[in-house]
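# Notes for the structure review
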Amino acid sequence: MANAGNDSATRFYVPEVHDIFPGMERELDAMLDVWPAAARDKLALLVVPDWQNRFPLVASPEFVSRVAALPGEKVLHGYTHSLGPEFWNWLLYGHDNRSEFGKLNADEAAERIAAGVKGFADNFGSKPRWFCAPRWHQSAAAAGALRSAGFEGYMLRNSLQLFSGASVGMPALCFDEGERRIRSAIARHLREFTINRLFRAGRPFRITLHPSDVTDAPAWRQVKRVMRRLTDEGWTPLSLDEAMAQLSEGDFAGQPRSVAAQ
C-alpha cells in the first residue's frame, strides 16, 4: 500500500540499465523484462563501447541494432570500463579495477572520452548527451574533458549534473558489489536498510541494474522485490530528462552551480 504521508508527486524514480555490451544478451533480456511496464520506455541505457578491450560494439552489428531500437536514453558509460588488473580490486571485488575514470588526468580523460564518443557515434549514428563514469568514480579532470567534448550532463552516485548549471540530488540504488560472495551477501543485507529508507522517505531516487545482478540469485530476488514494491506503492518512472526538469523546478533542486569543477 502506498504511504499516504508522502506526496505522490515526489515518489518517482529513474530506471537505469548499466554495462551494456555485446556478450551480455541473456542478462540484458532479464534486465529489460524485470521493470514495471511503465518504466520500459523510460530507461537510461548505459553503453560501454569496448568492454574490457574485448567486446567492441563494431564487431556486433546485430547487437547494436537491437540496442539502438530500444526506447530510452543511450548513455556513454566509459570506454572500456577498466583500468586493468589491480591487486586491491581483485582482493575486494574479485576482478580488475573498473573505476576507469577515477584517477585520470586531463589528457588521459580526454583521450578515453574521445574514443568512447567515437565508438558510440560510429555505431548509433549520434553522439551521446549524457555520461556516467564506471562506478561513478570521476576525476575533476574528467569533468572538464566532458564539458570540452560537448556533453550536456553526467551522472554521479548521488546526483545528476548538467553543464548548464543545474545540479539535483538523486541517489542511486545499486545491487552490484562485485564477485566476492561474502562481500555481496553482507552488502545485500545492509541494502535492505537502504531500500526501506528510500521508500519511506518518498523522495526521488535511481535504480541501477548490472549484468552481475542477474547471475547472483539472492540479489536478483531482492531486485524483484523492489520492482514489486514500486508498483504496489505507486512509484512513477521518469526518464533522465524528465527527472532533471521536475527536480530543477521543484523543492528538491540543488542550488545552481558550476559543475566543471566536480
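Sequence order sets the numbering: in each chain, residues are counted from 1 along the sequence as written. Per-residue local features are limited, in this predicted model, to residues with pLDDT of at least 70; the limit for side-chain atom pairs, both in listing and counting, is 80 or more; totals at the level of whole chains, interfaces and linings are taken over all residues. Neither water nor hydrogens contribute to the side-chain values; these are computed over all heavy atoms in the structure.

With that out of the way, let us pick up a nonpolar patch on the surface. Patches here: salt-bridge-free residues with over 30% relative accessible area, like charges joined within 9 Å, nonpolar side chains (Val, Leu, Ile, Met, Phe, Trp, Tyr) joined within 5 Å. Only the protein chains shown count as cover for residues, with accessible areas throughout obtained via the Shrake-Rupley method and a probe of 1.4 Å. The rule for a salt bridge is simple: a side-chain nitrogen of Lys or Arg has to be within 4 Å of a carboxyl oxygen of Asp or Glu. Nonpolar side chains collect at one region of the surface, where I182, I186, L190 and F193 lie side by side and expose about 480 Å² of accessible area between them. Helix and strand assignments follow DSSP, with helices taken as H or I runs no shorter than four residues and strands as E runs no shorter than two, numbered in order from the N terminus. On the secondary structure map, F193 appears in helix α6 (residues 181-201).

On to the pattern of salt bridges, then. Following the criterion strictly, the structure yields eleven salt bridges and no others. Note that R26 and E27 form a salt bridge whose closest N and O atoms lie 3.8 Å from each other. Burial here depends on accessible area, computed with a 1.4 Å probe over protein chains only, as a share of the maximum for the residue type. Under 20% is buried, over 50% is exposed, and the range in between is partly exposed. Judged by relative accessible area, which is 15%, E27 ranks as buried. When the shortest N-O distance is used, the salt bridge between K42 and E242 registers 2.9 Å.

Counting buried residues in strand β1 (residues 12-20) gives nine out of nine residues, a clear majority hidden from the surface. As defined by bridge partners, β1 adjoins strand β12 (residues 236-237) across two bridges and the pair is classed as parallel. When the bridges of β12 are listed, F12 appears paired with T236. Here β1 pairs with strand β11 (residues 205-209) via five bridges, running parallel. Of the residues in β11, the one forming a bridge with Y13 is F205. Paired strands are those between which DSSP finds at least two bridges. The pairing of β1 with strand β2 (residues 44-47) spans three bridges and is classified as parallel. Each residue of the ladder has a partner; that of E16, found in β2, is A44. On the question of chirality, the crossover connecting β1 to the parallel β2 by way of helix α1 (residues 25-33) is right-handed. By convention a crossover is right-handed if, when the strands point away from the viewer, the path from the first strand over the helix to the second runs clockwise.

What follows is about unusual backbone geometry. Generally, phi is negative for residues other than glycine and the peptide bonds are trans, each holding for most cases. Its identity as a non-glycine residue notwithstanding, Q52 has a phi of 55°, on the positive side. Take Q52: it is sitting in the loop between β3 (50-51) and β4 (55-56). With phi around 65°, W136 is a residue other than glycine that occupies positive phi space. Tracing the backbone through its elements, the reader meets W136 in the loop between β6 (130-132) and α5 (140-148). With relative accessibility at 9%, the residue W136 sits in the buried group.

The subject of this paragraph is helix α8 (residues 217-232). Helix span, as expected, comes to 1.5 Å for every residue beyond the first. Along its 16 residues, α8 runs 23 Å from first to last C-alpha, staying within 8% of the 22 Å computed at 1.5 Å per residue. Among the residues making up α8, those that are buried are A219, W220, Q222, V223, V226, M227 and L230. Buried residues along α8 cover an arc of 155° about the axis, so they all sit on one side. Exposed side chains of α8 directed beyond 90 degrees from the buried face belong to T231 and D232. Just downstream of α8 lies G234, where phi reads positive at about 75°. The arc refers to the directions leading from the helix axis to the C-beta atoms.

What follows deals with the packing of aromatic side chains. Note on ring pairs: Phe, Tyr and Trp rings are taken, using the six-membered ring of Trp, and paired if centres are within 6.5 Å. Classes follow the plane angle, with under 30 degrees stacked, over 60 edge-to-face and the rest tilted. Counted by the stated rule, this structure contains nine aromatic pairs. With centroids separated by 4.5 Å and ring planes inclined at 5°, the aromatic side chains of F21 and W51 adopt a geometry described as stacked. Here F21, found in the loop between β1 and α1, pairs with W51, found in strand β3; they are 30 residues apart in sequence, far enough to count as distant. Residues F21 and W51 agree in their burial class; the two are buried. In textbook terms, an aromatic cluster arises when at least three aromatic residues are bridged by ring pairs, as seen for F21, W51 and F55.

Our focus in this paragraph is helix α2 (residues 61-69). Among the residues of α2, those classed as buried are F63, V64 and V67. Down the axis of α2, the sector holding all buried residues measures 100°, keeping them to one side. Summarising the geometry of α2, the exposed residues directed more than 90 degrees from the buried face are P61, E62 and A69. Against the buried residues of α2 lie β1, α1, β2, β5 (73-76) and α4 (106-124). When checking whether two residues touch, look at their non-hydrogen atoms; a contact exists if any pair is within 4.5 Å.

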